[in-house]
Amino acid sequence: MGEKKESIKDLIRWARHYLNSKKINNPQLTAEIIAENITGKEKINLYLDRDTELSKEQKALFKKNIRRCGRKIPLAYITGEQYFMGYRFLIRPGIFIPRPETEILVEKAIQFLEEIKKNHPARDIIVVDIGTGSGNIAISIAKKIKNAFIYAVDVSSLALEVAKNNAKAHRVHHQIDFLLGDLFSPLKEKGLEGRADLIVSNPPYVEEEKIRSLPEEVKKEPTFSLNGGREGVTFYKKIIPTSPRWLKKGGVLMLEIGYNQLEKVAKIIYEVQEFVDIPQIFYDLEGIARVISVRKK
């Protein structure tokens, strides 16, 4: 007897049941994303052509990737991609996976930079992105603000390699200088003191003791991109007091913050005399404070 024929529809149905048994969230959507990734078909075409058979190799890869997902390997590591701000970013294991909540940070950064562009259309805009990861923040800004030049810093050479590839794929590599090093240290050779219009960062902010209780998928991401120290604010204590040195007068520091961290981060800001007294807070749709923004006097 020949091998039983399995259509895309059959495979997705099997995957949904398998992932459900492994307690994976959104098993249907996860199966569809893996099918899209392997076939190159958009979801609507998966269902229009749902009786189309996959090749033997595609079928084997689909089942392998579904089982990897069942072992709580992050979906972005399996597909090698993650969408952010509607753009596709290449992702590899060992790199922090962009989150939808970080889009609030990017949207507010772009709004601020658009104001500068409107008031000073001829001048270049300088942005510093601390902890660039896959480059999602820097690249999203560069695509929207064509007269922005961004210095994107990360301690991970792997992250910078992927970020550079993403910048080339999005054709904004001429707008971004990727720098290897810790926080602001690589900027010292660039003559940027007092020149940045905007410093933006999504630093690690998970409290150290909470890392053990994170979902298994999240724990597969690099610990250094999650661990914010004992109170979750170690990196804010480093970034906030140092930022005025690099900002121009009226320049802005914009940071993503973790759940319930608003008061702690605001307190660090209030202790820095170079900033104006009242930071702006931006909330997500659930009313959670996600971004804090403060201007240099």
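Look up: the structure comes first, before these words.
Rules and cut-offs
Residues numbered from 1 in each chain as written. Predicted model: local features only at pLDDT ≥ 70, side-chain atom pairs only at ≥ 80, totals over all residues. Heavy atoms only, no water. Buried < 20%, exposed > 50% of the residue type's maximum accessible area, 1.4 Å probe, protein only. Helix = DSSP H or I, 4+ residues; strand = E, 2+ residues; numbered from the N terminus. Pairing = 2+ DSSP bridges. Axes fitted to C-alpha atoms, helices over the stretch in contact; angles between N-to-C directions. Contact = heavy atoms within 4.5 Å. Salt bridge = Lys/Arg side-chain N within 4 Å of Asp/Glu carboxyl O.

Participant: In this structure, what is going on with helix 7 (residues 136-144)? I would like to understand it.
Facilitator: For an α-helix, 3.6 residues make a turn, and residues three or four places apart therefore share a direction. Most of helix 7 sits inside the fold, with seven of its nine residues counted as buried. Among the residues of helix 7, Asn 136, Ile 137, Ala 138, Ile 139, Ser 140, Ile 141 and Ala 142 are the ones counted as buried.

Participant: Sorry if this is basic, but what is going on with the sheet that holds strand 3 (residues 125-130) here?
Facilitator: Adjacent strands of a sheet form backbone hydrogen bonds with each other and so pair up, either parallel or antiparallel. Here seven strands make up an open sheet; going across it, the order is 5-4-3-6-7-9-8 and the pairing mixed. Two strands bound the open sheet, and with one partner strand each, they are strand 5 (176-180) and strand 8 (280-283). The sheet shows a mean angle of 15° between the axes of neighbouring strands, direction not considered. Relative to strand 9 (residues 289-295), strand 8 is paired through four bridges, and the arrangement is antiparallel. Counted as the bridge partner of Tyr 283 is Ala 289 from strand 9. In the packing of helix 8 (residues 157-169) onto the sheet, contacts are made with strand 4 (148-154) and strand 5, and the angle to strand 5 comes to roughly 170°. Strand contacts of helix 10 (residues 234-246): strand 3, strand 6 (196-201) and strand 7 (247-256), with the helix running at about 160° to strand 7, the strand carrying the most contacts.

Participant: Sorry if this is basic, but what is going on with the pattern of salt bridges here?
Facilitator: As a working rule, side chains carrying opposite charge can pair if their charged atoms are close by. Counting across every chain of the model gives 14 salt bridges. Arg 123 is the salt-bridge partner of Asp 197, the closest N and O atoms lying 2.7 Å from each other. Here Asp 197, found in strand 6, pairs with Arg 123, found in the loop between helix 6 (102-119) and strand 3; they are 74 residues apart in sequence, far enough to count as distant. Judged by its relative accessible area of 2%, Asp 197 falls in the buried class. By relative accessible area, which is 26% here, Arg 123 ends up partly exposed. Within this structure, Arg 123, Asp 197 and Lys 248 form a network of salt bridges that share partners.

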